[in-house]
Amino acid sequence: MKVSQPYSLKRGRMEFDLANHFKELSEKAETEIVRMLNQYDPKKLFWALVASTYIPVPGTQPSIHMEQHPIYLLEVLAKFILDREFTGTEDFFYPEILDELHGYLYQSTLRVPQLNSSDKFAAHIEHQHALLRGNAFGWQTKKRITELFKRYERKIEEKIGVNVDKIVFFVDSYSDLVLKKIHNSWDDFASSPDFKSIISAISEKNEKFIFTRKDGSEKIFSSQDEARQYIDKIVISNFMYKDLLISSENCQDFSLHTDEFEAISSLIGVSKDILHKVSDIKYYPLIQIGEQSILITQNSALDAILYHLDNILKVEYGDKFKKFKANYTENMAFEALCRIFRSENVYRNLSYPDPTKDDGRSTTELDIAVKYGRFLLLCEIKSKQLREESLAGNQSKLRSDLKANIEDSYRQAQRAIKYIESLDIAEFKEIKTQRLLQVKKEDIDKIYLISACYEPLADIGTRLNHTHELSLFIDKNYPFSISISDLDVISYTSIYPASLLHYIERRLSILHDTTEWHGDELDLFPAYLDSRLLHSNLGLPDDKPINMLAFSGYSGVFEDLEGFYGENPHESLKTLTLRLPENVSELFDELNNDNNENAISILFRMHEFDDKLLYQVASVIKKLKEENIPFGQFRRFFVQHEDCAINIVGTSFESQESLSMKTQQRLFFEKYRSKCRKSIAFAVNTRTPRLIEFAQYLEAEWVYDEEMEKLLTQDNRGVMTITGKRPGRNEKCLCGSGKKFKKCCLSLLEQ
């Protein structure tokens with residue numbers, strides 16, 4: 001996570017023109033790239049750069065996952081080479097040459113557009129679209145291709161000349177096949193004259209290792225391992241690149257017949273004839289230079305297959321395919337929510353009276369609803385396309401697509417809220433099963449509107465507060481907007497249903513924060529698991545304004561999971577859980593398993609407690625559980641967190657009824673005494689196996705009550721506060737044990 005504050009760049013007294021500076025750097029870099037392409041063989045230089053990016057040096061990363069690497073610069077170089085003719089002939093590349101080229105390619109992409117305020121959001125989306133590759137994880141896209149196009153496979157094969165499964169297998173197995181070829185090539189190359197020639201360039205002098213290049217210049221290393229890694233890089237760039245290449249002559253090495261390879265090349269291959277801008281390569285990632293082709297990214301290749309097959313079927317079947325795709329998208333969302341919530345809490349395709357019509361007969365539909373405790377999720381699902389022009393910065397088309405995918409679904413969900421608010425009891429009925437969902441207005445504390453989209457959103461969903469530039473969400477009320485792919489990933493993690501509700505709460509609050517939160521869904525969600533996005537857990541200062549928080553890079557948590565790229569990534573995702581202090585997980589588990597309204601509301605509220613407070617509450621409960629409390633006595637603890645009173649009541653011998661009455665008394669008394677809006681009370685019985693016997697929750701506005709005032713004057717509070725005034729060390733402990741404070745609760749509170 002990065003924290004920054006705004007600043008202005010100045011050079012002396014002159015304002016520093018960053019845009020012109022970047023423009024100058026970019027122009028100089030392009031000149032240098034052209035120079036290098038006129039010195040070195042362009043085709044082999046490109047292949048060498050690809051090889052140095054993706055092929056692991058022996059002893060390092062053992063597999064290739066191309067989606068983990070930035071590939072935009074490779075696409076920039078491909079555009080250079082395919083655009084014009086170059087005269088370079090040198091074909092041996094030292095690592096420094098490739099590093100130099102990489103630097104120039106990066107500098108050539110530097111841009112700071114001159115924008116007015118209404119351009120910024122569209123420009124940001126264009127920038128994201130240019131740089132990001134992989135609309136979802138590869139296993140998700142592969143599954144989507146298989147499930148969406150299975151029923152149309154004959155038509156697709158007729159249209160493109162190759163079976164869908166064959167295309168997916170080629171892309172999916174490309175890395176493994178390349179690695180096997182490279183493994184064999186290393187063994188063969190180790191005994192070749194070329195390798196012996198490279199090795200002979202190494203000499204040792206004064207405990208240093210010196211590599212002498214062909215032009216007589218030297219590179220000095222402090223260890224033999226450093227020298228060997230340098231040699232390995234030379235081998236990869238100048239010899240191993242051949243194992244990445246595919247053509248009609250060697251396509252059988254990739255389990256393809258010639259006609260199948262040519263069909264795949266026609267579908268996702270790029271050549272100078274169809275390349276107009278760098279971003280085109282996103283849809284044609286099989287780059288053909290001369291007679292050879294190279295696949296520079298597996299993830300984008302799967303995305304490209306999905307994109308092209310989708311377009312073929314839309315032309316062929318029109319609305320029929322669009323309806324099938326919409327139903328598929330809705331089913332994905334339903335299954336994802338059923339993985340998080342119990343299936344009996346999730347409803348699909350609901351009909352209800354249309355509150356916008358006065359005829360008393362008209363009905364409308366809601367895609368998905370989730371009723372969980374005193375929480376209600378209203379979900380609308382959209383499968384409309386985000387067009388290429390929208391993602392390329394066309395404001396008008398971007399506005400239209402975001403309206404169709406997000407704002408319209410939000411307005412549809414708002415219609416359901418209007419219906420709920422018009423009645424004491426609103427009824428929704430599942431169209432297919434006739435299952436009834438009854439919503440009592442007085443029984444609902446929170447309603448969340450969810451807009452789920454088929455299309456990937458990058459960080460659009462986490463930046464909806466910027467869409468006012470496009471005249472969207474003018475009232476500054478937003479849904480929780482998420483792509484189906486991201487919801488799918490989240491649903492396989494081991495989170496509590498209440499955690500998802502609280503994550504939605506935090507995500508929506510970010511859209512109203514004065515601090516800019518940067519990161520897409522799969523950056524923010526792992527950050528949430530780590531910190532619940534609470535300032536205190538993030539270690540942020542309370543006394544200093546923060547302009548921006550950047551969470552980019554958190555998505556690496558998924559890629560680092562063991563087995564994430566294997567046959568069963570779902571199992572690896574299950575290892576992702578909410579990070580909690582010691583002893584807190586057991587408390588959360590009990591509340592989650594109780595699955596009643598009180599427990600659900602308490603668990604949700606406790607997500608707002610920082611780690612320090614959670615640890616204190618769990619430690620007090622654990623201490624009470626281990627204590628032998630005398631007959632007829634109770635131990636009581638209290639702490640206030642913002643507008644919530646937290647009470648813990650413990651006993652050993654009292655009846656369930658007596659403990660319930662005492663706990664409820666504290667629930668009301670401490671809420672009123674503290675003038676809080678919310679109150680939580682935990683009951684602990686040391687003679688039962690449960691950590692907490694039960695929990696109670698109360699939420700209501702504080703109102704002065706004369707009778708309650710009288711009751712409080714008679715109440716012997718005798719309650720130990722986790723925070724607040726404490727008794728002296730030798731005074732009696734207020735928990736009621738009869739022991740001195742120093743021999744009872746002092747050590748616990750000091751923890």
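Residues numbered from 1 in each chain as written. Predicted model: local features only at pLDDT ≥ 70, side-chain atom pairs only at ≥ 80, totals over all residues. Heavy atoms only, no water.

### Here we look at the overall build of the chain
How we decide: Put simply, DSSP H or I for four residues or longer makes a helix, DSSP E for two residues or longer makes a strand, and each gets a number counted from the N terminus. Only protein chains enter the accessibility calculation, which uses a 1.4 Å probe; a residue whose area is less than 20% of its type maximum is buried, one above 50% is exposed, and one in between is partly exposed. Here, Shrake-Rupley sampling with a 1.4 Å probe gives the accessible areas, and only protein chains in the shown set may cover a residue.
Scanning the chain from terminus to terminus reveals 27 helices and 24 strands. Relative to its 751 residues, the chain shows a buried fraction of 53%. A total accessible area of about 35400 Å² is found for the chain, and carbon and sulfur atoms account for 46% of it.

### Comments concerning the packing of aromatic side chains
The geometry of an aromatic ring pair is captured by the separation of the ring centres together with the interplanar angle, meaning the angle of the planes. Filter applied, for reference: Each Phe, Tyr or Trp ring, with Trp reduced to its six-membered ring, pairs with another whose centre is within 6.5 Å; inter-plane angles below 30 degrees give stacked pairs, above 60 give edge-to-face pairs, and intermediate values give tilted ones. The criterion is that NZ of a Lys, or CZ of an Arg, lies within 6 Å of the ring centre and within 35 degrees of the ring normal, and then a charge sits over that ring.
All chains considered together, the criterion is met by 31 aromatic pairs. With centroids separated by 5.8 Å and ring planes inclined at 80 degrees, the aromatic side chains of Tyr-152 and Phe-324 adopt a geometry described as edge-to-face. Of this pair, Tyr-152 sits in the loop between helix H6 (138-149) and helix H7 (153-160) while Phe-324 sits in helix H13 (residues 319-340); the two residues are 172 residues apart in sequence, bridging distant segments of the chain. Assessed through its relative accessible area of 17%, Phe-324 is described here as buried. Connected via pairs of aromatic rings, a cluster forms that spans Phe-92, Tyr-94, Phe-211, Phe-221 and Tyr-230. The lysine or arginine in question, Arg-213, covers the ring of Tyr-94, its NZ or CZ lying 5.9 Å from the ring centre.

### Considering the side chain of His-308
Defined as follows: N or O atoms within 3.5 Å of each other form a polar contact, as long as, within protein, one can give a hydrogen and the other can take it, and as long as residues adjacent in sequence are counted only when both atoms are side-chain atoms.
Among the structural elements, His-308 can be located in helix H12 (residues 298-317). In terms of polar contacts, His-308 uses its side chain to reach the backbone carbonyl oxygen of Tyr-283, at 2.8 Å.

### Observations concerning the environment of Arg-636
As for its position among the elements, Arg-636 is in strand S20 (residues 635-641). We classify Arg-636 as buried; its relative accessible area is 10%. Placed 46 residues apart in sequence, Arg-636 and Phe-682 show a C-alpha to C-alpha distance of 9.9 Å.

### Description of the side chain of Thr-515
The line we're drawing: Residues count as neighbours in contact if any of their non-hydrogen atoms are within 4.5 Å of one another.
With respect to the element layout, Thr-515 can be found in the loop between helix H17 (497-510) and strand S18 (516-518). A polar contact of 2.8 Å, which involves the side chain of Thr-515, links it to the backbone oxygen of Ile-546. Beyond its immediate sequence surroundings of up to four residues, Thr-515 is in contact with Ile-546, Asn-547, Met-548 and Leu-549.

### Description of the nonpolar core
This is how it is decided: Residue types Ala, Val, Leu, Ile, Met, Phe, Trp, Tyr and Cys, when buried and joined through side-chain atoms within 4.5 Å, form a set referred to as a nonpolar core.
Grouped together as the largest cluster of nonpolar side chains are 222 residues, with contacts concentrated most on Phe-46, Phe-428 and Phe-682. Ranked by size, the runner-up nonpolar core spans five residues in total, among them Val-649, Leu-659, Ala-683 and Phe-694.

### Quick look at the sheet that holds strand S9 (residues 286-289)
Heads up, the condition is: Strands qualify as paired when DSSP identifies two bridges or more between them.
Strand order in this open sheet of four strands is S7-S10-S9-S8, and the pairing throughout is mixed. A strand with exactly one partner marks an edge of an open sheet, and here the two such strands are strand S7 (245-246) and strand S8 (269-270).

### Re the sheet that holds strand S6 (residues 218-221)
One key point about sheets: their strands pair by backbone hydrogen bonds, in either a parallel or an antiparallel sense. What counts here: Angles shown run from 0 to 180 degrees and are taken between the N-to-C directions of axes, each axis being a line fitted to C-alpha atoms and, for helices, limited to the stretch in contact.
Read from one edge of the open sheet, three strands run S4-S5-S6, paired in antiparallel fashion. The open sheet has two edge strands, strand S4 (202-205) and S6, and neither has a second partner. Averaged over all pairs of adjacent strands, the angle between their axes in this sheet comes to 30 degrees, without regard to strand direction. Relative to strand S5 (residues 208-212), S4 runs antiparallel, the two sharing four bridges. When the sheet's bridge partners are listed, Ile-202 is paired in S5 with Phe-211. Across the sheet, helix H10 (residues 224-238) lies against S4, S5 and S6, angled at about 20 degrees from S5, the strand it touches most.

### Remarks on the pairing of S5
Remark: two residues form the turn of the hairpin made by S4 and S5, two consecutive strands paired antiparallel; Asn-206 in that turn has positive phi of roughly 50 degrees. From the end of S5 to the start of S6, which pair antiparallel, there are five residues, and Gly-216 there has a positive phi angle of about 95 degrees.

### Topic: the packing of helix H1 (residues 18-39) against helix H3 (residues 72-83)
Filter applied, for reference: Angular relationships are summarised with four words: roughly parallel below 35 degrees, roughly antiparallel beyond 145, roughly perpendicular across 65 to 115, and oblique for the angles in between. What makes a crossing left-handed is the near helix being turned counterclockwise from the far one by less than a right angle; a clockwise turn instead makes it right-handed.
Following both chains from N to C, one finds H1 and H3 inclined at 60 degrees, their axes separated by 12 Å at the closest point. With respect to H3, the axis of H1 lies oblique. The handedness of the crossing between H1 and H3 is right-handed. Within the contact between the two elements, H1 uses Glu-30, Ile-33, Val-34 and Leu-37 and H3 uses Leu-77, Phe-80 and Ile-81.

### Some remarks on the pairing of strand S15 (residues 436-440)
Side chains Leu-437 and Val-439 of S15 all project onto a buried face; the interleaved residues Leu-436, Gln-438 and Lys-440 project onto a face where none is buried. Of the pairings in the sheet, the one linking strand S14 (residues 425-430) to S15 comprises five bridges and is antiparallel in character. Each residue of the ladder has a partner; that of Glu-427, found in S15, is Gln-438. Between the antiparallel neighbours S14 and S15 lie five residues, among them Gln-434 with a positive phi of about 65 degrees.

### Focus on unusual backbone geometry
Despite not being glycine, Leu-533 has its phi angle at roughly 55 degrees, a positive value. Within the fold, Leu-533 resides in the loop between helix H18 (521-531) and helix H19 (535-538). At Glu-642, a residue that is not glycine, the phi angle is positive and equals roughly 50 degrees. Topologically, Glu-642 is positioned in the loop between S20 and strand S21 (644-651).

### A few points about the packing of H1 against helix H4 (residues 95-108)
Look at H1 against H4: their axes get within 7 Å of each other, and the N-to-C directions meet at 140 degrees. By the angle between their directions, the pair H1 and H4 is classed as oblique. The interaxial crossing formed by H1 with H4 has left-handed handedness. Taking contact as the criterion, the partners of Leu-25, Ser-26, Ala-29, Glu-30, Glu-32, Ile-33, Arg-35 and Met-36 in H1 are, on H4, Ile-97, Glu-100, Leu-101, Tyr-104, Leu-105, Gln-107 and Ser-108.

### As for the environment of Ser-494
Note that Ser-494 resides in the loop between helix H16 (484-491) and H17. Classification of Ser-494 by relative accessible area gives partly exposed; the value is 35%. Here the alpha-carbon distance between Ser-494 and Lys-574, two residues 80 residues apart in the chain, equals 5.1 Å. Ignoring anything within four residues of it in the chain, the contact list for Ser-494 reads Leu-573, Lys-574, Leu-576, Thr-577 and Leu-578.

### Looking at the pattern of salt bridges
Put simply, the rule is: By definition, a salt bridge exists where a carboxyl oxygen of Asp or Glu is found within 4 Å of a side-chain nitrogen of Lys or Arg.
Taken as a whole and assessed by the stated rule, the structure comprises 44 salt bridges. Across the salt bridge formed by Glu-100 and Arg-35, the nearest N and O atoms sit 3.3 Å from each other. In this pair, Glu-100 sits in helix H4 while Arg-35 sits in helix H1, placing the two residues 65 residues apart along the sequence. A salt bridge links Lys-142 to Asp-172; the nearest nitrogen and oxygen atoms lie 2.8 Å apart.

### Comments concerning the confidence of the model for the chain
Put simply, the rule is: Values of pLDDT, ranging from 0 to 100, describe the predictor's confidence in every residue of the model.
Taken residue by residue, the chain gives an average pLDDT of 87. The fraction at 70 or more is 90%. Scored below 50 in pLDDT, residues 3-15 shows 17 contacts in the model against residues more than four places distant or in partner chains.

### Observations regarding the state of the cysteines
As a reminder of what qualifies: For the purposes of this analysis, a disulfide is any pair of cysteine sulfur atoms at a distance within 2.5 Å.
Inspection of every chain in the model, using the stated rule, returns zero disulfides. There is no disulfide at Cys-676, and the cysteine sulfur nearest it, in Cys-644, is 6.8 Å away. Residue Cys-676 is classed as buried on the basis of its relative accessible area of 1%.

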